[in-house]
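The residues making up each chain are set out below.
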Amino acid sequence: MKVLLLNGSPHEKGCTYTALGQIAEALAMDGVDSEILWLGTDPIKSCTACGGCRKAGKCVYDDIVNVISEKMETCDGLIIGSPVHYAGASGQTTAAMDRLFYSSTAKLRLKPGAAIVSARRGGTTAAFDQLNKYFTIAQMPIVSSRYWNMVHGNTPEEVMQDEEGVAIMRTLGHNMAWLLKCIAAGRAAGLEAPTKGPSGWTNFIR
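Read on for a plain summary of the structure. None of the values given here were measured: they were computed from a predicted structure. (Residues numbered from 1 in each chain as written. Predicted model: local features only at pLDDT ≥ 70, side-chain atom pairs only at ≥ 80, totals over all residues. Heavy atoms only, no water.)

1. Examining helix α6 (residues 124–136)
And step 1. The end-to-end C-alpha separation of α6 is 19 Å, in line with the 18 Å expected for 13 residues at 1.5 Å each.
And step 2. Listing the buried residues of α6 in full gives Thr-124, Ala-127, Phe-128, Leu-131, Asn-132, Tyr-134 and Phe-135. Seen along its axis, α6 keeps its buried residues to an arc of 140°; they face one direction. Along α6, exposed side chains directed more than 90 degrees from the buried face belong to Lys-133 and Thr-136. (Helix = DSSP H or I, 4+ residues; strand = E, 2+ residues; numbered from the N terminus. Expected span 1.5 Å × (residues − 1). Buried < 20%, exposed > 50% of the residue type's maximum accessible area, 1.4 Å probe, protein only. Arc of directions from axis to C-beta.)

Listed below in structure tokens is the structure:
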């Protein structure tokens, strides 16, 4: 079992990375592999709703988004980490997730997901709500912790002083590992995943 952890901060080893590192340690304690992938600082093009991914099977803009999509073919869970920028997720995170979830929903469906956010002070709940909406549109079970998944601090050292935040991250890691094992046990017992079922587009204006 493996979980992909995305670091959407412009700082590769900053506060968001520190929080994700605590999750990775908890996953390792429970025998679950993980990988922290940094989105980087190169510009990530936003989704243009061109529909090309439906024909190509991947996003037509071949960058980090397609790297994530390929990794999710073999990963069992996804955790999105982002700093808080103006009470929302970072621009890098938003652009990447818009394109990932539009082009790769089939690879994400029914895989547990979780979001974590990092802030100096405020805006965390708004950014946390934003990220959770990606999971709910892709039929992904959301993994929770003992409180909303956030840490506070302006430096990695300050994040580690947020004792409650660190505990929340570690609990999240253990909860993710537990759910992954439950899903694996269900499969081993012959429990089949629910079918996707029919879908339709209903516009508000006729």
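We are not done yet, so read on.
2. Brief notes about the packing of aromatic side chains
What describes a pair of aromatic rings is the distance from one ring centre to the other and the angle between the planes of the rings.
And step 1. All chains considered together, the criterion is met by three aromatic pairs.
And step 2. Taken together, a centroid distance of 5.2 Å and an interplanar angle of 35° make the contact between Phe-101 and Tyr-134 tilted. On the criterion of sequence distance, the pair formed by Phe-101 in helix α4 (residues 91–103) and Tyr-134 in helix α6 is long-range, its members being 33 residues apart. In this pair, the class of Phe-101 matches that of Tyr-134, namely buried. (Phe/Tyr/Trp six-rings, centres within 6.5 Å; stacked < 30°, edge-to-face > 60°.)

3. Focus on the nonpolar core
And step 1. With 31 residues, the main nonpolar core has Ile-68, Leu-78, Met-97 and Phe-101 as its most contacted residues.
And step 2. Among the secondary structure elements, those contributing two or more residues to this core are β1 (2–7), α3 (64–71), β3 (77–85), α4, β5 (113–119) and α6.
And step 3. With sequence-adjacent residues up to four places away left out, Met-97 is seen in contact with Leu-6, Ile-68, Ile-80 and Tyr-134.
And step 4. The next biggest cluster of nonpolar side chains, apart from the first, holds 20 residues, and it includes Val-3, Val-32, Ile-79 and Val-143. (Core = buried A, V, L, I, M, F, W, Y, C linked by side-chain atoms within 4.5 Å. Contact = heavy atoms within 4.5 Å.)

4. Notes on the pattern of salt bridges
And step 1. For the structure on display, the rule yields five salt bridges.
And step 2. Its salt-bridge partner being Lys-2, residue Glu-35 comes within 3.3 Å of it at the nearest N-O pair. Here Lys-2 lies in strand β1 and Glu-35 lies in strand β2 (residues 33–38), a separation of 33 residues in the sequence.
And step 3. Accessibility expressed as a relative area gives 29% for Lys-2, which makes it partly exposed.
And step 4. In this structure, Arg-170 engages Glu-25 in a salt bridge whose closest nitrogen and oxygen atoms are separated by 3.0 Å. Taken together, the residues span a long stretch of sequence, with Arg-170 in helix α8 (residues 163–188) and Glu-25 in helix α1 (residues 15–29) at a distance of 145 residues.
And step 5. Each of Lys-2, Glu-35 and Lys-71 takes part in salt bridges that share partners, so that together they form one network. (Salt bridge = Lys/Arg side-chain N within 4 Å of Asp/Glu carboxyl O.)

5. Comments concerning unusual backbone geometry
And step 1. Positive phi, close to 55°, is recorded for Tyr-86, a residue that is not glycine.
And step 2. Positive phi, close to 65°, is recorded for Ala-87, a residue that is not glycine.
And step 3. Of note, Ala-87 is situated in the loop between β3 and β4 (88–89).

6. Re the pairing of β5
And step 1. Burial runs high along β5: seven of the seven residues are buried.
And step 2. Every second residue of β5 is oriented toward a common face, with Gly-113, Ala-115, Val-117 and Ala-119 on one face and Ala-114, Ile-116 and Ser-118 on the other, all of them buried.
And step 3. Looking at chain direction, β3 and β5 are connected through six bridges and run parallel. Residue Pro-83 lies in a different strand from β5, and its bridge partner there is Ser-118.
And step 4. In the sheet, β5 pairs with strand β6 (residues 150–152) via three bridges, with the strands oriented parallel. Within β6, the position partnered with Ser-118 by the bridge is Val-151. (Pairing = 2+ DSSP bridges.)

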